[in-house]
Each structure stands twice: as C-alpha cells, then as structure tokens.
Amino acid sequence: MKRAEICEALAPLKIVDYPEVPPPPPKGVVVKITYSGVCHSDVHIWEDEMDMGDGVKMKLTAGKFIKFPLAPGHEIAGIIEAVGSEAGSEVKVGDAVVVYPWLACLQCDLCTHGQPNLCLNAVERIGAAKHGGFATHVVVPITSGAVVKIPEGLAPEVACMVPCSGITTYNAVLKTKEKVTEMVRMKGNAKLLIIGAGGLGMWCIQFAKALLPPETRVFSADISEEKLQMAKEANADDTILWSKDANEQEILAQTMQRSGGVFDAVIDLVGAGATSQRAFNLTERGGIQVNVGLFGGNMKIPLIVLALHTKCVQGVCVGAPHHLEDCLKLVAEKKLKPPPLEFFTLDQATEALTRLKEGTMKGRGILKL
Ligand SMILES: [Zn+2]
Ligand SMILES: [Zn+2]
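Parameters and conventions
Residues numbered from 1 in each chain as written. Chains lettered and ligands numbered in written order. Predicted model: local features only at pLDDT ≥ 70, side-chain atom pairs only at ≥ 80, totals over all residues. Heavy atoms only, no water. UniProt positions renumbered as here; feature names shortened; annotations may be inferred. Buried < 20%, exposed > 50% of the residue type's maximum accessible area, 1.4 Å probe, protein only. Helix = DSSP H or I, 4+ residues; strand = E, 2+ residues; numbered from the N terminus. Pairing = 2+ DSSP bridges. Right-handed = clockwise from strand over helix to strand, strands pointing away. Donors = N, O, S within 2.8 Å, 3.2 Å for Na, K, Ca; no water. Tetrahedral: all angles 85-135°; square planar, octahedral: opposite > 155°, others 65-115°. Polar contact = N/O pair within 3.5 Å; in protein donor to acceptor, adjacent residues only side chain to side chain. Phe/Tyr/Trp six-rings, centres within 6.5 Å; stacked < 30°, edge-to-face > 60°. Lys NZ or Arg CZ within 6 Å of the ring centre and 35° of its normal. Core = buried A, V, L, I, M, F, W, Y, C linked by side-chain atoms within 4.5 Å. Domains from an automatic or database assignment. Contact = heavy atoms within 4.5 Å. Salt bridge = Lys/Arg side-chain N within 4 Å of Asp/Glu carboxyl O. Axes fitted to C-alpha atoms, helices over the stretch in contact; angles between N-to-C directions.

- Looking at the Cofactor (unreviewed entry) heading of the UniProt record, one finds this comment for the chain: "Zn(2+)".
- Checking UniProt for the chain, the heading Sequence similarities (unreviewed entry) contains the comment "Belongs to the zinc-containing alcohol dehydrogenase family."

1. Topic: the pairing of strand E11 (residues 216-222)
- Counting buried residues along E11, 6 of its 7 residues qualify, which places the element largely inside the surrounding structure.
- As paired elements, strand E10 (residues 190-195) and E11 share 6 bridges and run parallel to each other. Note that in E11 the partner of Lys191 across the bridge is Arg217.
- Following the backbone out of E10, through helix H5 (residues 198-211) and into the adjacent parallel E11, one traces a crossover that is right-handed.
- Inspection of the sheet shows E11 paired to strand E12 (residues 238-241) by 4 bridges, in the parallel sense. Looking across to E12, one finds that Ser220 is bridged to Thr239.
- Assessed by its sense of winding, the connection that carries the chain from E11 through helix H6 (residues 225-233) to E12 is right-handed.

2. A closer look at the environment of Ala236
- The topology assignment puts Ala236 in the loop between H6 and E12.
- Distance in space between the C-alpha atoms of Ala236 and Lys209 is 8.2 Å, their sequence separation being 27 residues.

3. Considering the coordination of the zinc ion (ligand 2)
- Protein-derived ligands of the zinc ion (ligand 2) are Cys105 (SG), Cys108 (SG), Cys111 (SG) and Cys119 (SG), with the metal-ligand distances lying across 2.3 Å.
- Angles of 106 to 114° at the metal separate the 4 donor atoms of the zinc ion (ligand 2), which places the site in the tetrahedral class.
- A residue is classified by how much of its surface remains accessible, and Cys108, at 25% relative accessible area, is partly exposed.

4. Focus: the side chain of Gln289
- The topology assignment puts Gln289 in strand E14 (residues 283-291).
- Only 3.3 Å separates the side chain of Gln289 from the backbone nitrogen of Phe280, close enough to count as a polar contact.

5. Brief notes about the pairing of E10
- Where burial is concerned, most of E10 is hidden: 6 out of the 6 residues are buried.
- Here E10 shows two buried faces, one formed by Ala190, Leu192 and Ile194 and the other by Lys191, Leu193 and Ile195.
- Bridge analysis of E10 against strand E13 (residues 263-268) gives 4 bridges, and the strand direction is parallel. Paired with Leu193 across the two strands is Val266, which belongs to E13.

6. Description of the UniProt feature "domain: Enoyl reductase (ER)" (unreviewed entry) in the chain
- Here the UniProt-annotated "domain: Enoyl reductase (ER)" (unreviewed entry) positions come out as residues 8-367.
- In this annotation, residues 8-367 is assigned 32% helix and 23% strand; the end-to-end C-alpha distance for the span is 21 Å.

7. A look at the packing of aromatic side chains
- Counted according to the given criterion, the structure contains 4 aromatic pairs.
- When the ring of Tyr170 is compared with that of Phe207, the centres are 5.5 Å apart and the planes differ by 85°; the resulting orientation is edge-to-face. Residue Tyr170 is located in helix H4 (residues 162-187), and its partner Phe207 is located in helix H5; the two are separated by 37 residues in the primary sequence.
- A connected cluster of aromatic rings, assembled from ring pairs, spans Tyr170, Trp203 and Phe207.
- When the ring centre of Tyr18 is taken as reference, the NZ or CZ atom of Arg3 above it lies at 5.1 Å.
- Here Lys311 stacks its cationic end above the ring of Phe280, 4.3 Å away from the centre of that ring.

8. Description of the coordination of the zinc ion (ligand 1)
- With distances of 2.0 to 2.2 Å, the protein atoms coordinating the zinc ion (ligand 1) are Cys39 (SG), His74 (NE2) and Cys164 (SG).
- Each donor residue of the zinc ion (ligand 1) lies on the same chain, and together they follow the pattern C-x34-H-x89-C. In this pair, Cys39 is assigned in the loop between strand E3 (29-38) and helix H1 (40-47) and His74 in the loop between strand E5 (57-58) and strand E6 (75-83), connecting sequence segments 35 residues apart.

9. What about the nonpolar core?
- Residues Val31, Val140, Phe207, Ile267 and Val331 are the most contacted members of the largest nonpolar core, which totals 71 residues.
- Ranked by residues supplied to this core, first place goes to H4 with 9 residues.
- Per-domain counts for this core show at least three residues from each of domain 1 (2-161 + 338-368) and domain 2 (165-315).
- Non-local contacts of Phe207, meaning those with residues more than four positions away in its chain, are made with Gly166, Thr169, Tyr170, Val173, Leu212, Cys327, Leu330, Val331 and Leu336.
- In this structure, Leu70, Ala352, Leu356 and Met361 belong to the second largest nonpolar core, which totals 21 residues.

10. Brief notes about the pattern of salt bridges
- Counted according to the given criterion, the structure contains 14 salt bridges.
- Residues Lys57 and Asp51 are paired through a salt bridge, measuring 3.9 Å at the closest nitrogen-oxygen approach.
- Its relative accessible area of 27% is what places Asp51 among the partly exposed residues.
- Across the salt bridge formed by Asp238 and Arg258, the nearest N and O atoms sit 2.9 Å from each other.

11. What about the sheet that holds E13?
- Strand order in the open sheet formed by 6 strands is E12-E11-E10-E13-E14-E15, and the pairing between neighbours is parallel. Each edge of the open sheet is held by one strand with a lone partner, namely E12 and strand E15 (312-315). Geometrically, the sheet is characterised by an average inter-axis angle of 20° between neighbouring strands, direction not taken into account.
- Bridge analysis of E14 against E15 gives 4 bridges, and the strand direction is parallel. Bridged to Val290 within E15 is Gln314.

Written out as structure tokens, the structure is:
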C-alpha cells in the first residue's frame, strides 16, 4: 500500500510504501482506490491554515482532528477489497463504490440520523482526521451510508467527484429550491446567480438546470473568461465577466443590467469576503444567499437590511449520505457532464496540489491510482 502523506505544511508530500494493507475494521471495509479527486480543502489542509476572517488564521493541526503525517483526499472511487466480519451483506468484495468521507463520531444523534457532516466531533473524517484518498487503499470504518455503489454507466473517474464537489453543489441548489419555486409561482420566472464557474460551477449549473423549475434563468459569474466558457458548456443561460479592474459599484451595476435586476437566489461557490458581500447585495428582497466556498474572510450585513429585506443567508457544508445516493443517480440518469479532468499519478500529488493552489488547474485534478 502506498500513500502520499503531508508531513509538513506546504512541503512536498512524502510517498510512503507500506508492506501491508491494513485489515478492514469489523463493521467496515478496505477500498482499493481507482480515482481520487483533488479538492481545494486538500490545499487548505496542506497549507495547514484557514482564513477565519478579521485577519484570524486558523492552524488546522492545532485543532483536535487533523495531524500530520496525513494522506489527504476525500473524493474517492474504488473497488471493495476486503469486508469486515460484522459488516453485513450490503457490500461485497469487488463492488465498485464511492466513499462518503464526511464521517464523524459515528455515535451522536447527528451521526446516527444521517447528518454526520454536521457533527463537530469529526474523529472519523476521511482525508482529514483519518488517511484519505491520496493512497492506493483507504480504510472505511462503517459501510452503511459510507460506501455507495456506483450506478451503472457512471465512470469511476466522474463518480469520485460526487462525494464532495457533487453533493456540495447539489445540496446548495436544493437549499434555493423552495424560494425559487415560490418566486416562479408568484412572478412566472426566477433568477439564480452562481458565483464561480470552473469545476464546481459546472456541477452547480447542471444541478440547477435539473432540479429547479424550467422558468429559472441560471447566470454564472466569474473573473475568468475561460471558466465562463465552461459555464456555457454546462448550459448556463447567461454568463457575466467580472472585471478585476472595475470597482464594486460598477460590477453591481453591470451585473444587474445584464440580468435585469437583482437575483432571487445567489450561490457563492467562492466564499471570499468580496464575493459574499456582492452576493448579499445582489440578492432580491425575500431571496436567499447560499454560501459554499471556503476561500475565507468575512462580510458585513447591515442588520436593518437583513430584517427589512427579509433576506436569508444560508451556509452549506457538503451534504448528507442520502444526498450522495440521490446525486449519483441524478448524474448517471441525466448523463451530466463532468468538468474537464486532468489526471495525475500518486507521485505527482504535490504537483496537483500546487497547481490547484496557484489556480492553474483547468477543471478538476484527479489522481489515477
Ligand atoms: Zn472537497
Ligand atoms: Zn457525531
């Protein structure tokens, strides 16, 4: 078994060869990994830092759960190689699966009722508290809700993205659905703005098209013309290029001119202070802003505006296990298009993280094991 392990923040990952694959836990499995997605959260872990706003940087390894050496990676597809003695018959050796990595304490009400992504006691989180997908094998402590069979016809290199970038954007779109549907009922149409094109943006646009009423116009905004091209390929109704040189008032005016006013829902896939502030200002009265991205920073909300405009600001942290099953089915049935994929070997894990950190990855980086 081989792993690419972070031993020190921003240092090259160490490729470690282990003579043996660990045995499966009694209730769990060992998955031989075929493909493993490279996500921005992996970069945060590699940097050992998160921007908590107001200039506060959080050192991740100073917390309880993340310790180096660690093989990051939480977008995992593979084949079940070994099944624990008490794991039941839900999965068997040879099954092609994806892993739900957002496991936590496995015991509290949240964990036992399908919401482990909200449990703060994240001792079993794969690719964070436990070794993840930057490896040839991964140990999964349970099967129920943690390994899901890949539907027929869905390629594993696409399926591996669903447990993170897939369910996160799927969940974000679901959060807007009630509001958007209500607006369509009231006005006959609705407008959704998705901030951030690129890989996450492509998923988000396609889920919006698949899940929201057809009267919803889906706009995609980004600072990169190249990424907006991807948004067009994913069927965005319109794209808006945000110039780096324009001031905020110009950007707001240009955006509203393009869309004919503010938006009933805004999904911020970037989650920087500037984009979230913009999202808030571009959200219609009675509308919803959904925050997904973890770029970091903070935004200011005038409380009078929040109340008088009856706006909702909603956070999303990945999704629940049931989202993973539903989302896999949707991606397979609707034959949704993945972002362009760029493949790396395990030995190139450092290069993949570097490219993502520098913003030079086109689409999604995938380790091919
Ligand atoms: Zn991720
Ligand atoms: Zn828990």
